[in-house]
Amino acid sequence: MEYLALLMFACICLMLLIGYPVALTLAGTSLLFAGVAALFGAFDTSYLSAFPSRIYGILNNQTLLAVPLFVFMGAVLEKAQIAEKLLTSMAQLFSRFPGGLAISVTIVGMLLAASTGIVGATVVTMGLLSLPTMLKRGYDTSLSTGVICATGTLGQIIPPSIALVLLGDVLSNAYQRAQLDMGNFNPDTVSVGDLFAGAVLPGLLLVVLYIAYIVIVTWVKPEMAPASQQDSEKVSWRVLVSALLPPLMLMSIVLGSILTGYATPTEAAGVGAFGALVLAILQKQLTLVALQAVMQSTLKISSMVFMILIGASLFSLVFRGLGGETLIHGIFNDLPGGVITATIIVMVVIFLLGFILDFIEITFVVIPIVAPILLMMGLDPVWLGIMIAVNLQTSFLTPPFGFALFYLRGVADKSIKTLQIYKGVLPFILIQLIVLLALALFPQLATWLPDNLYP
Amino acid sequence: ACGEKDVAATNDVAPQKTYKWKLVTSWPKNFPGLGKGPEKFAKYVNDMSNGRLTIEVFGAGQLVPGFQVFDEVSTGGAQMGHSGAYYWKGKAPAASFFAAVPFGMNAQETNAWLHYGGGIELWRELYKPFGIIPMAGGNTGVQFAGWFNKEIKTIEDIDGLKMRIGGIGGEVFKRAGGVPVNMPGGEIFSSLQSGALDASEWVGPYNDNAFGFYKAAKYYYSSGWQEPQATLEFLINEQAFNALPADLQEIVTVAARAVNQDMLDEYTARNANALKTLVNQHNVQVRTFPEPVMAELKKLSSAVIADMAKQDPMVAKVWESYQSFYQDIRQYHKISEQAYYENRQ
Amino acid sequence: MFSLWLAKVVSFIDKLNETLGKLIAWLTLLIVVLTFFVVVLRYGFNIGSIALQESVLYAHATIFMLGAAYTLKHNGHVRVDVFYHRGSEKAQAWINLFGTVFLLFPVMIFMAWISSDFIAASWSILEKSREPGGLPLVYLNKTLIYALAFTLGLQGISEVGRNILILQGKLKIKNESMEQV
Ligand code: NA
Ligand code: NA
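Since we're looking at a predicted model, the values are computed, not measured. (Residues numbered from 1 in each chain as written. Chains lettered and ligands numbered in written order. Predicted model: local features only at pLDDT ≥ 70, side-chain atom pairs only at ≥ 80, totals over all residues. Heavy atoms only, no water.)

Quick look at the packing of aromatic side chains
All names here are of chain B. The test is simple: Paired rings are identified among Phe, Tyr and Trp, the last through its six-membered ring, by centres lying within 6.5 Å, and are further divided according to the angle between planes into stacked (under 30 degrees), edge-to-face (over 60) and tilted (the rest). Note on conventions: DSSP H or I runs of at least 4 residues are helices, E runs of at least 2 residues are strands, and numbering of each starts at the N terminus. Note on exposure labels: buried denotes an accessible area under 20% of the residue type's maximum, exposed denotes more than 50%, and partly exposed covers the range between, all computed with a 1.4 Å probe on protein chains only.
Enumeration according to the criterion identifies 40 aromatic pairs over all chains in this entry. Aromatic side chains phenylalanine 98 and tryptophan 123 sit 5.1 Å apart centroid to centroid with 5° between the ring planes, which places their arrangement in the stacked category. Residue phenylalanine 98 is found in the loop between β3 (80-84) and α4 (107-116), and its partner tryptophan 123 is found in helix α5 (residues 119-127); the two are separated by 25 residues along the sequence. The exposure class assigned to phenylalanine 98 is buried, which follows from its relative accessible area of 1%.

Written out as structure tokens, the structure is:
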């Protein structure tokens, strides 16, 4: 009977491929499954009565309140063209050096990621602004598209990040459950703030490796990223500084207050969003039309995220009612090789699911099932969270269904072949996997900063 | 006498009906103290009924979020719940009085009021419209006033103090000039560390030690004026209970009563040990509020409760019963328990 | 004749949810400003208001519960875009028609049905917050579940109509791109 739960999961994956909105597919398929199973006496329908209580729990989740606030902040930065200014002035400054344009794209991507980090917005902005410039200056198409896609996904891993907020919420519940189930009343709790701190070094490592890759490519094949011949472009330092200042300020307000523990992520998100609004007004970039675009985009993204959460909560009720959790526990406990095998399997499964599912679905559907088991095997929650986050970030880049690739395809010139984009991201996927491996071998990369910030 | 006839005779008896219940709680599964209560209850019932009534316990969030226990039992999604009545203040203001009353009775006295002073009857009356039968389901004993990063020397020190504190105690704290802050459990710790919170109350040494508060706050204040005891509750869906045969109903009732006492015993034993650990190993500084601070808080408590009684007739009714029992027991305990506490020093 | 009537229904529902969405969108600005104030009041003036904190949460909940229909109308709910975007206009219409009838409608009807006791119980006692100084409006907050089921269900009716019209060749699909995080 327990295998019904796995059958349901498989059916949902198939149904999802049809392409109807994920939230409703998750909820609808689960509901149909529960109904059919109940007809055969294989499902206790009283599980379903917990649904309204669960929705109400979602309505009152204070941690997740950070989601619309961060989205709002990102939307303001995008619509107020703060990113655009930064990109243009950095490009002017660095295009004189071989590989300089690619490196400035990476650095701008990092700065945007550290101020908020909506992947779609970053990739689209850079795809519209930098891609034509890079191609005009003779950059290799694959290299250019690869750099843009990869740096665009940095927003996922470099805090503040919505992915980390969602993961933090799921993991803190899982961690508490795991510790108590073990009878180990270890005082540690894991919060969104811990994950933010844990993601800083791996995020920076990614940036460093991206840049290292660009430098090596430029050195080996200078024709792939030539220096600009035009001397006419005079760089005004004043313009650069004024372009750099807003994101740097927001970054220090948001990240600073979270990492020092002075504000909860939700509070910091609110202050950051307000700050972005003030900056946009000061720069006279915020028209009523732009504001409405910001608000409507925030509304749509929030609805999208929370509807998936509601759909996933119905899924998990039915999954539990069908005995799925017990089944997964059994499978993992019988694995030879213990925690290492279990971790590798989970990471591979997440990586593979990443080809078809979004990070939100994976976070809400898969992580709550597997995380408590892994944590009970003694894994560090911050380390596990960062491993999952880097893994999910990679799924944005993996062809054919990586979202970053879709966004870039959407704005890139038709003359650029999709295959060139795929080829371009391959080295970056490799870098992601190297960082995953580094994290596996040196967990301190993720745990050192939170351990020292919050001893 | 061969066995054949006996076998036939037992075969004639219809197989006894078995029941499977769900019990949802407001605590994480296996949470020290609080979470152990429902686990023990389920085991007692299963053993005593020889498996005829089996109860599956769900931690907070496994089936429903911790604060949704009441709704879930009321609508019958789960047959039972384990929680604390002060969480239902928004549904029935009088509920708080069955959990904890600032400067009210201690555990021994509260149990006496509930079971021999008319308390449980009022409690049943209160939950009747929701289709729920309440039973006392454990007690933490006297709690601690909380973890503070600022010393409290006068009542003015409470002014502007940001503290996580709920229940009637939260209202009192607010009137004393404090700022009650609402915050998810997972964020209390880091907020105390960073100064986003100045103080937080939790339970007592046993639970607080496990939560690691000593890493985030300097002073540990006793005694818990806001919760001189805290009664936990079993919530039972009325229809489900009435559908049980009489013997199973009795088993449920007795098991609840056993857990009610058992939890108090466990807290009493473990609190003492945990406080030793906190003081000796973690160098926690234990403090008490000065007399005038306590006197002021007591005055404010009476005012808050009087206001609550004015606004809600059921509060007035419960408070009257509570108070009249309290007056008598206080007089009696002054010359018995209290006198003995002083004598034995 | 039928198509004309159908088009009218579609446009009526669309206008309703469009207006609602544009109104609700202002709440996103409100939660930003209110959260900022909560922080300033607490850190700057040692003033804390649980009512204010709860207002932010209520507004936040209203955004995604009442904004879901608007989001559906604007194709904002993420899809697994493996085959969908390669399909013809008619294929997409079939998928949307199938999904609305067999996934959206059952879920919304079930949601309203299973929540009815839950919400009615809250209304019957005009449930208040359990926090000191919290809002006495818990029953309104819970009613958002009905509001979601109703507005999203209504938008579902419009989607059915629209997709039938598309299949009849009487309407062009408008391909608004999905918003992304
Ligand atoms: Na970010
Ligand atoms: Na307490």
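So that's the structure; there's more coming.
A word on the interface of chain C and chain B
This is how the line gets drawn: Any pair of residues with heavy atoms lying within 4.5 Å of one another is described as a contacting pair. Once two parts are put together, the accessible area they lose, assessed with a 1.4 Å probe and summed over both, is termed the buried area. One speaks of a salt bridge when a side-chain nitrogen belonging to Lys or Arg is within 4 Å of a carboxyl oxygen belonging to Asp or Glu.
Each partner contributes residues to the interface: chain C has 19 residues there, and chain B has 22 residues. Across the interface of chain C and chain B, roughly 1800 Å² is buried in total on both sides, 55% from carbon and sulfur atoms. In terms of surface lost to chain B, no three residues of chain C exceed Arg42, Arg130 and Pro132 of chain C, which account for 35% of the buried area on that side. On the surface where chain C and chain B come into contact, there are two salt bridges. We note a salt bridge from aspartate 71 of chain B to lysine 142 of chain C, for which the minimum N-O separation is 2.7 Å.

Structural notes on a nonpolar patch on the surface
The line we're drawing: Residues enter patches when they are more than 30% accessible in relative terms and free of salt bridges; like-charged ones are connected within 9 Å and nonpolar ones (Val, Leu, Ile, Met, Phe, Trp, Tyr) within 5 Å. Surface accessibility in these figures is a Shrake-Rupley result with a 1.4 Å probe; residues are shielded only by whichever protein chains are displayed.
Taken together, the side chains of Ile18 of chain A together with Phe98, Val101 and Phe102 of chain C define a hydrophobic patch exposed on the protein surface, amounting to about 310 Å² of accessible area. Counting residues per element, the nonpolar patch draws most heavily on helix α3 (residues 89-124) of chain C, which supplies three residues. On the secondary structure map, phenylalanine 102 of chain C appears in helix α3.

Remarks on the coordination of the sodium ion (ligand 2)
All names here are of chain B. Condition: We call an atom a donor if it is N, O or S and sits within 2.8 Å of the metal, or 3.2 Å for Na, K and Ca. Water is not counted, so some sites may look partial.
Coordination of the sodium ion (ligand 2) by the protein is provided by Gln143 (OE1), Glu201 (OE), Glu201 (OE), Trp202 (O) and Glu227 (OE), with metal-donor distances spanning 2.2 to 2.9 Å. Counting gaps between the donor residues of the sodium ion (ligand 2) yields the pattern Q-x57-E-W-x24-E. Placement of tryptophan 202 in the loop between β8 (199-200) and α8 (205-211) and of glutamate 227 in the loop between β9 (219-222) and β10 (231-237) is noted, with a sequence separation of 25 residues between them. Taken individually, tryptophan 202 and glutamate 227 each receive the classification buried, so the pair is uniform in this respect.

As for the side chain of glutamine 226 of chain B
Residue and element names in this part refer to chain B. As a reminder, the rule being used: Distance and chemistry together define a polar contact, namely a pair of N or O atoms within 3.5 Å, with one atom able to donate a hydrogen and the other to accept it when in protein, and with adjacent residues in sequence counting only for side-chain atoms on both sides.
For glutamine 226, the location among the structural elements is in the loop between β9 and β10. Taking the relative accessible area as the measure of exposure, glutamine 226 reaches 3% and is therefore buried. A polar contact of 2.7 Å, which involves the side chain of glutamine 226, links it to the side chain of glutamate 201. In contact with glutamine 226, not counting residues within four places along its chain, are Ala100, Val101, Pro102, Phe144, Ala145, Ile165, Gly169 and Glu201.

A short note on the confidence of the model for chain C
As a general rule, the predicted coordinates of low-pLDDT regions are not to be interpreted in detail. Put simply, the rule is: A residue's pLDDT is the confidence the predictor assigns to it, expressed on a 0 to 100 scale.
Across chain C, pLDDT averages 88, with 94% of residues at or above 70. For this predicted complex, the interface confidence reaches an ipTM of 0.83, while the overall pTM sits at 0.83.

Thoughts on the UniProt feature "transmembrane region" (unreviewed entry) in chain C
All names here are of chain C. Short version of the rule: UniProt positions are given in the numbering used here, feature names are shortened, and annotations may be inferred rather than shown by experiment.
Per the UniProt record, "transmembrane region" (unreviewed entry) is annotated on residues 23-43, 55-72, 93-114 and 144-165. The straight-line gap between the two end C-alpha atoms of residues 55-72 is 26 Å; of that span, 100% is helix and 0% is strand. Annotation note: span residues 144-165, helix share 100%, strand share 0%, distance between end C-alpha atoms 31 Å.

Some details on the side chain of threonine 151 of chain A
Positionally, threonine 151 of chain A belongs in helix α8 (residues 141-152). Dropping the residues within four chain positions of it, threonine 151 of chain A is found in contact with Val105, Thr106, Gly109, Met126 and Tyr210 of chain A.

Digging into the interface of chain A and chain C
Taken together, the contact pairs 76 residues of chain A with 67 residues of chain C. Among the residues chain A hides against chain C, the three largest losses belong to Tyr20, Leu59 and Lys300 of chain A. Together they make up 12% of the total. Across the contact surface, chain A and chain C share four residue pairs in polar contact (both at pLDDT 80 or more).

Focus on the confidence of the model for chain B
A residue-level look at chain B finds 94% of positions with pLDDT of 70 or above and a mean pLDDT of 89. Every residue in residues 1-12 of chain B scores below 50 in pLDDT, and together they form zero contacts with partners more than four places removed in sequence or on other chains.

A look at the sheet that holds strand β6 (residues 162-164) of chain B
Residue and element names in this part refer to chain B. Note the cut-off: Any two strands between which DSSP finds at least two bridges are classified as paired.
In spatial order, the strands read β7-β6-β8-β5-β9-β11; together these six strands make up an open sheet with mixed pairing. Each of the sheet's edge strands pairs with one partner strand only, and the pair in question is β7 (179-180) and β11 (285-288). In terms of strand pairing, β6 meets β8 through two bridges, oriented parallel. Counterpart to methionine 163 in the pairing with β8 is alanine 199.

Focus on the sheet that holds β10 of chain B
Pairing between sheet strands relies on hydrogen bonds along the backbone, with the strands arranged either parallel or antiparallel. Residue and element names in this part refer to chain B. Heads up, the condition is: Fitting a line to C-alpha atoms yields each axis, with helices limited to the stretch in contact; the angle taken between N-to-C directions then spans 0 to 180 degrees.
If you trace the five strands from one edge of the open sheet to the other, you get β2-β1-β3-β10-β4, paired in mixed fashion. Each end of this open sheet is capped by a strand with a single partner; those strands are β2 (53-58) and β4 (132-139). Recorded for the sheet is a direction-independent mean angle of 25° between the axes of neighbouring strands. Pairing of strand β1 (residues 19-25) with β2, which is carried by six bridges, proceeds in the parallel orientation. From the neighbouring strand, valine 24 faces β2, where its bridge partner is phenylalanine 58. The sheet strands contacting α5 are β4 and β10, and the helix crosses β4 at an angle near 130°.

Quick look at the nonpolar core
Put simply, the test is: To define a nonpolar core, start from buried Ala, Val, Leu, Ile, Met, Phe, Trp, Tyr and Cys residues and group those joined through side-chain atoms within 4.5 Å.
Residues Phe72 and Leu384 of chain A, Tyr127, Phe289 and Leu297 of chain B together with Met65 of chain C are the most contacted members of the largest nonpolar core, which totals 291 residues. When residues in this core are grouped by element, the largest group, 18 residues, is from helix α14 (residues 288-321) of chain A. Aside from chain neighbours lying at most four places away, what touches phenylalanine 72 of chain A is Ala273, Leu277, Leu291, Val294, Met295 and Thr298 of chain A together with Thr28, Leu29 and Val32 of chain C. Judged by nonpolar contacts, the second largest core, of 26 residues, contains Phe144, Trp147, Ala217 and Leu278 of chain B.

Quick notes on the packing of helix α6 (residues 100-115) of chain A against helix α12 (residues 237-259) of chain A
Residues and elements named next belong to chain A. We apply this condition: The labels follow the angle: roughly parallel below 35 degrees, roughly antiparallel above 145, roughly perpendicular from 65 to 115, and oblique for the rest. Helix crossings get a hand from a simple test, with the near helix turned counterclockwise from the far one by less than a right angle marking a left-handed crossing and a clockwise turn marking a right-handed one. Side-chain classes are defined by residue name, with Ala, Val, Leu, Ile, Met, Phe, Trp, Tyr, Cys and Pro counting as nonpolar, Asp, Glu, Lys and Arg as charged, and the others, Gly among them, as polar.
Interhelical geometry of α6 versus α12 gives an angle of 40° and a closest axis separation of 8 Å. In this view, α6 runs oblique relative to α12, as classed from their interaxial angle. Helix-helix and strand crossings are classified by hand; for α6 and α12 the assignment is left-handed. Facing α6, whose interface residues are Leu111, Ala114 and Ser115, α12 presents Leu244, Pro247, Leu248, Leu250, Met251 and Leu255. Split by residue class, the contact of α6 with α12 holds eight nonpolar, one polar and no charged.

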